[in-house]
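# Coordinates in review
Single-letter residue listing:
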Amino acid sequence: MSSVLTDLCRYPIVQAPMAGGVSCPQLVAAVAEAGGLGFLAAGYKTADGMYHEIKQLRGLTGRPFGVNLFMPQPALADPSAVEVYRHQLAGEATWYETPLGDPDSGGDDNYDAKLAILLEDPVPAVSFTFGCPTRDTLDAFAAVGTYTVVTVTTPEEAQAAQWAGADAVCVQGIEAGGHQSTHRDDPQTDGTGIGVLSLVAQVRETVQVPIIAAGGLMRGSQITAVLAAGAAAAQLGTAFLVCPESGANLLHKQALTNPLFVRTALTRAFSGRPARGLVNRFMREHGPYAPAAYPQVHCLTAGLRKAAARAGDAQGMALWAGQGHRLARELPAGRLIELLVEELDAARTAVNTGSTQ
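Residues numbered from 1 in each chain as written. Predicted model: local features only at pLDDT ≥ 70, side-chain atom pairs only at ≥ 80, totals over all residues. Heavy atoms only, no water.

### A short note on the overall build of the chain
A tally of regular secondary structure across the chain gives 15 helices and 11 strands. By the compact-globule yardstick of 21 Å for 357 residues, the chain fits well, its C-alpha radius of gyration being 19 Å. Considered along the principal axes of its C-alpha atoms, the chain spans approximately 65 × 45 × 40 Å. Taken across its 357 residues, the chain has 55% of its residues classed as buried. Across the chain, contacts joining residues at least 24 apart in sequence account for 68% of those joining residues at least 6 apart. Counting every atom, the chain has about 14700 Å² of accessible surface; 53% of that belongs to carbon and sulfur. Across the chain, the mean location of the 25 positive side-chain charges is 6 Å away from that of the 33 negative side-chain charges. (Helix = DSSP H or I, 4+ residues; strand = E, 2+ residues; numbered from the N terminus. Rg over C-alpha atoms; globule rule 2.2 N^0.38 Å. Buried < 20%, exposed > 50% of the residue type's maximum accessible area, 1.4 Å probe, protein only. Contact = heavy atoms within 4.5 Å. Areas by Shrake-Rupley, 256 points an atom, 1.4 Å probe, with all protein chains shown as cover. Lys, Arg positive; Asp, Glu negative; His and termini not counted. Charge placed at Lys NZ, Arg CZ, Asp CG, Glu CD.)

### Here we look at the pairing of strand β5 (residues 147–152)
Burial analysis of β5 places 6 of its 6 residues in the buried class, which makes it a mostly covered element. Direction of pairing for strand β4 (residues 125–129) relative to β5: parallel, over a ladder of 4 bridges. In the strand pairing of β5, Ala-125 is matched with Tyr-147. Across 4 bridges, the pairing between β5 and strand β6 (residues 168–172) is parallel. Residue pairing across strands places Val-152 opposite Val-171, the latter belonging to β6. Crossover handedness for the path β5 to helix α8 (residues 155–164) to β6: right-handed. (Pairing = 2+ DSSP bridges. Right-handed = clockwise from strand over helix to strand, strands pointing away.)

### As for the sheet that holds β5
Taken together, the 8 strands give a closed barrel; going around it, the order is β1-β2-β3-β4-β5-β6-β8-β9, and neighbouring strands pair in parallel fashion. Strand after strand, the sheet turns through a mean of 25° between neighbouring axes, direction not considered. Where α8 meets the sheet, it contacts β5 and β6, and its direction lies at approximately 155° from that of β5. Where helix α10 (residues 220–229) meets the sheet, it contacts β1 (13–15), β8 (211–214) and β9 (233–236), and its direction lies at approximately 135° from that of β9. (Axes fitted to C-alpha atoms, helices over the stretch in contact; angles between N-to-C directions.)

### Things to note about the state of the cysteines
Counting across every chain of the model gives 0 disulfides. No disulfide involves Cys-9; its nearest neighbouring cysteine sulfur is the one of Cys-170, lying 13 Å away. Looking at Cys-9, the relative accessible area reads 3%, which means it is buried. Take Cys-243: it sits in no disulfide, and the sulfur closest to it among the cysteines is that of Cys-24, at 10 Å. (Disulfide = S-S within 2.5 Å.)

### A word on the nonpolar core
Side chains of a nonpolar character, in soluble globular proteins, are inclined to be buried together. Grouped together as the largest cluster of nonpolar side chains are 94 residues, with contacts concentrated most on Val-67, Leu-69, Phe-128 and Phe-240. Sorting elements by how many residues they give to this core places helix α15 (residues 333–356) first, with 6 residues. Not counting chain neighbours up to four residues away, the residues in contact with Phe-240 comprise Ile-13, Val-14, Gln-15, Met-18, Leu-27, Val-31, Ser-246, Ala-333, Leu-336 and Ile-337. (Core = buried A, V, L, I, M, F, W, Y, C linked by side-chain atoms within 4.5 Å.)

### Examining α10
Owing to its 3.6 residues per turn, the α-helix brings residues three or four apart onto one side. Listed as buried for α10 are Gly-220, Ile-223, Thr-224, Val-226 and Leu-227. Directly after α10, the chain includes Gly-230, whose backbone phi takes a positive value near 125°.

So this is what it looks like as structure tokens:
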């Protein structure tokens, strides 16, 4: 790992920021205490909500941690397409006996207010999703000693992040669960993302900043592979989702290894942006018709997703998961990191032994 990353975590393992309550203070603290780098997910939270979670986390651990922010999105959605989708979801609203949300209530996710808090009361690391901040913003974080990471999905995005002054890039392969962190949401590129190993190798030849690799990673041997490809650390999300400290809904946790859910797919059905999750009824019925409209679609379906969870109906929930979801292990976060490190060391030993024979 780079020297700065070494200061942030003992092992080259990063717990991905999973919005929607999954990456809660308890999970981040457990990861940090075990020697990994945990990230709070500030997405979908108010600035005050983010502040109180940071305060709670600081009461749980004195070790370094990070906070993830969603970048504001340009107003590119077609209102008529959103309205058509609203009508298509009318049956869901009737079924779950809950109204559809206001598509225009998403705003900019309180981005500026969150920046102000994080610059006034700095945290060790801040990462960004759905775009790249301005150089002024990244310089401001550098001035207060905060390590910055920009999530990227192409070598070009990585280069833009380096030019803007990011300390590192999180290289997200198409295998990753949850939202694809493309900087420009272009429906023409849906499903054309690059696998994490190929992407890490390409980005390694494009930028000089450290790389954190993400995308379907569930075992120590996979961490070894991305490190060999040029990454300084590996970021895992789905692997931590089933931990008891995770704030994920129990139905979501159980679905990851439930044989009823056999595959994942990218969909716009729940949020209007491509995101990988377990294929369920809602995704099959509405995915083909969902418009490119984030956060409008996210706001429309928010009530439906909550109602499905209350009803115990996993077929109506957004079950975000990476391609490696069947390898999920229901272990405390600290024990999971210990096991990943054991697997990482064993894989390294096997490689070194083989190279000397």
